[in-house]
Amino acid sequence: MNRMRPPGPPGQRGMKSGSPPPQEGPQLKILTEFLPVGTQGHGEMVDVTTQVQSIIKKHGLKFGTVTVFCPGSTGSVTTIEYEPGLKEDFPAAMERLAPSKGQRYKHDDTWHDGNGHSHVRASTVGPSLTVPIAEGKMTLGTWQQIVFVDWDNKPRRRDLVIQLMGTTG
Amino acid sequence: MNRMRPPGPPGQRGMKSGSPPPQEGPQLKILTEFLPVGTQGHGEMVDVTTQVQSIIKKHGLKFGTVTVFCPGSTGSVTTIEYEPGLKEDFPAAMERLAPSKGQRYKHDDTWHDGNGHSHVRASTVGPSLTVPIAEGKMTLGTWQQIVFVDWDNKPRRRDLVIQLMGTTG
Amino acid sequence: MNRMRPPGPPGQRGMKSGSPPPQEGPQLKILTEFLPVGTQGHGEMVDVTTQVQSIIKKHGLKFGTVTVFCPGSTGSVTTIEYEPGLKEDFPAAMERLAPSKGQRYKHDDTWHDGNGHSHVRASTVGPSLTVPIAEGKMTLGTWQQIVFVDWDNKPRRRDLVIQLMGTTG
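All values derive from a computational prediction rather than experimental measurement.

J.: It is not clear to me how the overall build of chain A should be interpreted in this structure. Could you clarify?
T.: When helices and strands are tallied, chain A shows four helices and nine strands. Helices (α) and strands (β) of chain A occur, in sequence order from the N terminus, as β-β-β-α-β-β-α-α-α-β-β-β-β. Here chain A holds 169 residues, and 61% of them are scored as buried. For chain A, the exposed surface amounts to about 6,200 Å²; the carbon and sulfur share of it is 54%.

Set out below in structure tokens:
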């Protein structure tokens, strides 16, 4: 179901730092950024790899992890080879698992927003992805991209959470 | 298959601290807590959001991540809009993927415990969820809850692992 | 699709340390190791639990997390009870979701490598698993193993990324 999400306080946009104070040698950094993405829903997929890598570089993170998280219950974060064919094949498989048509959902019986299938797909694939960072780069394969997939049944704007934890050297 | 899990040592219940010693400014904390949950199995879903947020608050964590983990191979941790309809719709989709009836499992041929479908569902959805923490709160959407789902075919009690990593300021 | 992945620099094999300098009390460690695994593909499953636990022990990590990551878009990391029956049952369920035969994939229309189903399965199950570490051990259940599953349609060698974050005491 979709209800209006109250806008966060202005301070929750942009970089947040919870890092310990400067010290000798590599520093631990824990940083939260928000990455806006907009889609038409219905399984539209967005490649966010370049933006996530840019955030890592901007903060000089060398070793650690990045967690990419979808704040919302009808979207997923995973990896895929981002190319036009799979942008159709992956949603097609989810259509077999949780059909958007011809399948009754108790969710829709109650809320009448017609996105029961979106919720089921989102919970199956999951909202969170953690990728290691080594020597300043995510340890992705050459043909592996980080994607956000919006399973909802209408256009949506989301602020993905990009959480960095690691050291600068 | 379910065999009896030996009870952990008493010291493995409650809070564990592996934190560095006090220092000036924000401190890194790494903490492990165990959250007991009981279900009737068969896809029963438990909303643990409030308990996880309470653990974060208790330790004063401001920035970092929390990992919620199911120690066991027939349960999953994910997010969903926790409402009665989806509590039926999500297991119904998993019934299509890994039917509990009318489907033969090699696991059951060997172990005769009838929960081959439970294992398959658990491995598909996954046992682990990592959620960013910013300004003391998990970055969940308004209608997004953290849930444990027990796919096993009988009542079970589990001790979910709640792992905090982050700083207090 | 599979294209050749350029070999990483020699320095990217073995242990990487991004740890802060020595200090009193427990130390934060962030370490990256690479674990080579080879399979015949087609859903072959490899239990890497013992190797991951050995890496944790070698570095003396007591509290924290380990992230096991597949750098590639046709493999997955999850947990399962590693026994012969489920090694067949889990791929069989993925065959229902994303059939290797009798199902058309747009990916294969373009790239003609016949592994569209592999990509879909990998994105569904996911490439990343984060497991808490407490008192030097992963908090796995007794019958729960960490597995890499190669969904590709030919033999592959991968270097799984094992990322440790935590303290030594």
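Having seen it, we continue.
J.: Even after reading the chapter, I still don't get the interface of chain A and chain B, so can you show me in this structure?
T.: Frequently, the measure chosen for interface size is the accessible area that the parts lose on association. Between chain A and chain B, the residue contacts involve 43 residues of the former and 40 residues of the latter. In total, about 3,200 Å² of surface goes out of reach between chain A and chain B, with carbon and sulfur atoms giving 60% of it. Taken together, the connections running from chain A to chain B amount to one salt bridge. The shortest N-O distance in the salt bridge between Lys106 of chain A and Glu88 of chain B comes to 2.7 Å. Along the contact surface separating chain A from chain B lie 14 residue pairs in polar contact (both at pLDDT 80 or more). Listing elements by their share of the side of chain A that touches chain B, those giving two or more residues are strand S1 (16-17), strand S2 (28-39), strand S4 (63-69), helix H3 (106-111), helix H4 (116-125), strand S6 (128-134) and strand S9 (156-167) of chain A.

J.: Where do I start with helix H1 (residues 49-58) of chain C in this structure?
T.: Count 3.6 residues to each turn of an α-helix, and residues three or four apart come out pointing the same way. Residues and elements named next belong to chain C. All of the buried residues in H1 are Thr49, Val52, Ile55 and Ile56. Burial along H1 is one-sided: seen end-on, the buried residues are contained in an arc of 130°. Seen from the open side of H1, the exposed residues pointing more than 90 degrees away from its buried face are Thr50, Lys57 and Lys58. Of the residues trailing H1, Gly60 is marked for its positive phi of about 70°.

J.: Just to check I follow, could you spell out the pattern of salt bridges for this structure?
T.: Close approach of charged atoms allows side chains with opposite charge to pair. Residue and element names in this part refer to chain A. In the structure shown here, the tally under the stated rule is 21 salt bridges over all chains. Arg104 is paired through a salt bridge with Asp109; the nearest N and O atoms lie 2.8 Å apart. Since its relative accessible area comes to 63%, Arg104 is described here as exposed.

J.: I keep staring at the nonpolar core and nothing clicks. Help me out?
T.: In this structure, Phe90 of chain A, Phe90 of chain B together with Phe90 of chain C are the most contacted members of the largest nonpolar core, which totals 45 residues. Among all residues touching Phe90 of chain B, those that are not within four sequence positions of it are Val120, Ser123 and Thr124 of chain A together with Met45, Thr78, Ile80, Val125, Val149 and Trp151 of chain B.

J.: What is the right way to read the sheet that holds strand S8 (residues 145-150) of chain A from this model?
T.: Within a sheet, adjacent strands bond to each other through the backbone by hydrogen bonds, running parallel or antiparallel. Residues and elements named next belong to chain A. In space, the three strands of this open sheet follow the order S3-S8-S5, with antiparallel pairing throughout. What marks the edges here is a single partner per strand, and that holds for strand S3 (44-47) and strand S5 (75-80). Recorded for the sheet is a direction-independent mean angle of 30° between the axes of neighbouring strands.

J.: For this particular structure, what's the right way to read the interface of chain C and chain A?
T.: Every contact between the two is made by 43 residues of chain C and, on the other side, 40 residues of chain A. Summed over both sides, the interface of chain C with chain A buries roughly 3,200 Å², with 60% coming from carbon and sulfur. Across the contact surface, chain C and chain A share one salt bridge. The interface formed by chain C and chain A contains 15 residue pairs in polar contact (both at pLDDT 80 or more). Looking at the side of chain C that touches chain A, the elements that each hand over two or more residues are strand S1 (16-17), strand S2 (28-39), strand S4 (63-69), helix H3 (106-111), helix H4 (116-125), strand S6 (128-134) and strand S9 (156-167) of chain C. Sort the elements by how many residues they give to the side of chain C that touches chain A and H4 of chain C lands first, with five residues.

Rules and cut-offs
- Residues numbered from 1 in each chain as written.
- Chains lettered and ligands numbered in written order.
- Predicted model: local features only at pLDDT ≥ 70, side-chain atom pairs only at ≥ 80, totals over all residues.
- Heavy atoms only, no water.
- Helix = DSSP H or I, 4+ residues; strand = E, 2+ residues; numbered from the N terminus.
- Buried < 20%, exposed > 50% of the residue type's maximum accessible area, 1.4 Å probe, protein only.
- Areas by Shrake-Rupley, 256 points an atom, 1.4 Å probe, with all protein chains shown as cover.
- Contact = heavy atoms within 4.5 Å.
- Buried area = accessible area lost by both parts, 1.4 Å probe.
- Salt bridge = Lys/Arg side-chain N within 4 Å of Asp/Glu carboxyl O.
- Polar contact = N/O pair within 3.5 Å; in protein donor to acceptor, adjacent residues only side chain to side chain.
- Arc of directions from axis to C-beta.
- Core = buried A, V, L, I, M, F, W, Y, C linked by side-chain atoms within 4.5 Å.
- Pairing = 2+ DSSP bridges.
- Axes fitted to C-alpha atoms, helices over the stretch in contact; angles between N-to-C directions.

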